[in-house]
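The residues making up each chain are set out below.
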Amino acid sequence: MRPSVPAALAALALASPAVLLTQAPARAAAVFVEANPSTVRAGDEVGLRASCEDNLTSATVTSGPLGTVTVSPRYGFLTATTRVPAATKAGDYPINLRCPDGKTAKNTLHVVAKVEPARGPATGGGGTAGGRSAPMLIGGGAAAVAAGIALGLVALRRRRLG
């Protein structure tokens, strides 16, 4: 069964107000702040990237270990680079953006402890490392090379004679 053309036009006319009166789709968040990397060791640099409604004017970012940092317009965003003080304790610190028009955004900076290894990795028996057996290994290798050369010369001499 095919619907008639007037019935289809009537359905379209009744559905049009419902489509036109619905709310517009939500826009993506225009105000944000982020740290790159978001997890950093104390004493390392961190990049800040932010966005306000108008990215032509500088804004202010505040954070516990970073203090107050001014992010300036660059490449269509508000950016800055700063260093996390070496004395900063490990933990999560809030990052707050304040735009010139009063809008704000928040994020988190994760600071981890700076750990230095106590010793090198265990990578094997250390046969090539210097020590008591090193001269013996070097001498044995040199003797094997000399024996190979001598056998090669003998083989060449026999070929010429025979």
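Scroll up to find the structure this text is about.
It should be emphasised that the depicted structure is a prediction, and the values quoted were computed from it without experimental measurement.

Trainee: In this structure, what is going on with unusual backbone geometry? I would like to understand it.
Mentor: Most of the time, phi is negative for any residue but glycine, and the peptide bond is trans. The step from Asn36 to Pro37 runs through a cis peptide bond, and the omega angle for that step is 0 degrees. As for its position among the elements, Pro37 is in the loop between strand 1 (32-36) and strand 2 (39-41). Its identity is not glycine, yet Tyr75 carries a phi of approximately 55 degrees, on the positive side. One can find Tyr75 in the loop between strand 5 (67-74) and strand 6 (77-83).

Trainee: Is there a simple way to think about the state of the cysteines in this case?
Mentor: Note on terminology: a disulfide is the covalent bond linking the sulfur atoms of two cysteines. The tally for this structure, following the rule as stated, stands at 1 disulfide. Here Cys52 pairs with Cys99 through a disulfide, and the sulfurs are 2.0 Å apart. What sets the handedness of the Cys52 and Cys99 disulfide is the S-S torsion sign, and at about -90 degrees it is left-handed. Here Cys52 is found in the loop between strand 3 (45-51) and strand 4 (59-63), whereas its partner Cys99 is found in the loop between strand 7 (91-98) and strand 8 (104-112), with 47 residues between them in sequence. For Cys99, a relative accessible area of 4% puts it in the buried group.

Trainee: Just to check I follow, could you spell out a nonpolar patch on the surface for this structure?
Mentor: Taken together, the side chains of Val145, Ile149, Leu153 and Leu156 present a nonpolar region at the surface, about 390 Å² in accessible area. Among the secondary structure elements, Leu156 is positioned in helix 2 (residues 134-161). We classify Leu156 as partly exposed; its relative accessible area is 42%.

Trainee: Hey, could you run me through the side chain of Asn55 in this one?
Mentor: Relative to the assigned elements, Asn55 resides in the loop between strand 3 and strand 4. Exposure remark for Asn55: the relative accessible area of 17% places this residue in the buried category. In terms of polar contacts, Asn55 uses its side chain to reach the side chain of Ser51, at 3.1 Å. At 2.8 Å, the side chain of Asn55 forms a polar contact with the backbone nitrogen of Cys52.

Trainee: Looking at this structure, how should I read the nonpolar core?
Mentor: Within soluble globular proteins, side chains that are nonpolar generally end up buried alongside one another. Judged by nonpolar contacts, the single largest core of 23 residues is most densely connected at Val71, Leu97 and Leu109. Among the secondary structure elements, those contributing two or more residues to this core are strand 1, strand 3, strand 4, strand 5, strand 6, strand 7 and strand 8.

Trainee: What exactly am I supposed to notice about the sheet that holds strand 5 here?
Mentor: In a beta sheet, neighbouring strands are held together by backbone hydrogen bonds and run either parallel or antiparallel to one another. Overall, mixed pairing links the 8 strands, which are arranged 1-3-6-5-4-7-8-2 in an open sheet. This sheet does not close on itself; its edge strands, each paired only once, are strand 1 and strand 2. The mean angle between the axes of side-by-side strands here comes to 30 degrees, regardless of whether they run parallel or antiparallel. As defined by bridge partners, strand 4 adjoins strand 5 across 5 bridges and the pair is classed as antiparallel. Within the sheet, the bridge partner assigned to Val61 lies in strand 5 and is Val69.

The rules behind the values
Residues numbered from 1 in each chain as written. Predicted model: local features only at pLDDT ≥ 70, side-chain atom pairs only at ≥ 80, totals over all residues. Heavy atoms only, no water. Helix = DSSP H or I, 4+ residues; strand = E, 2+ residues; numbered from the N terminus. Disulfide = S-S within 2.5 Å. Buried < 20%, exposed > 50% of the residue type's maximum accessible area, 1.4 Å probe, protein only. Patch = residues over 30% accessible without salt bridge, like charges linked within 9 Å, V, L, I, M, F, W, Y side chains within 5 Å. Areas by Shrake-Rupley, 256 points an atom, 1.4 Å probe, with all protein chains shown as cover. Salt bridge = Lys/Arg side-chain N within 4 Å of Asp/Glu carboxyl O. Polar contact = N/O pair within 3.5 Å; in protein donor to acceptor, adjacent residues only side chain to side chain. Core = buried A, V, L, I, M, F, W, Y, C linked by side-chain atoms within 4.5 Å. Pairing = 2+ DSSP bridges. Axes fitted to C-alpha atoms, helices over the stretch in contact; angles between N-to-C directions.

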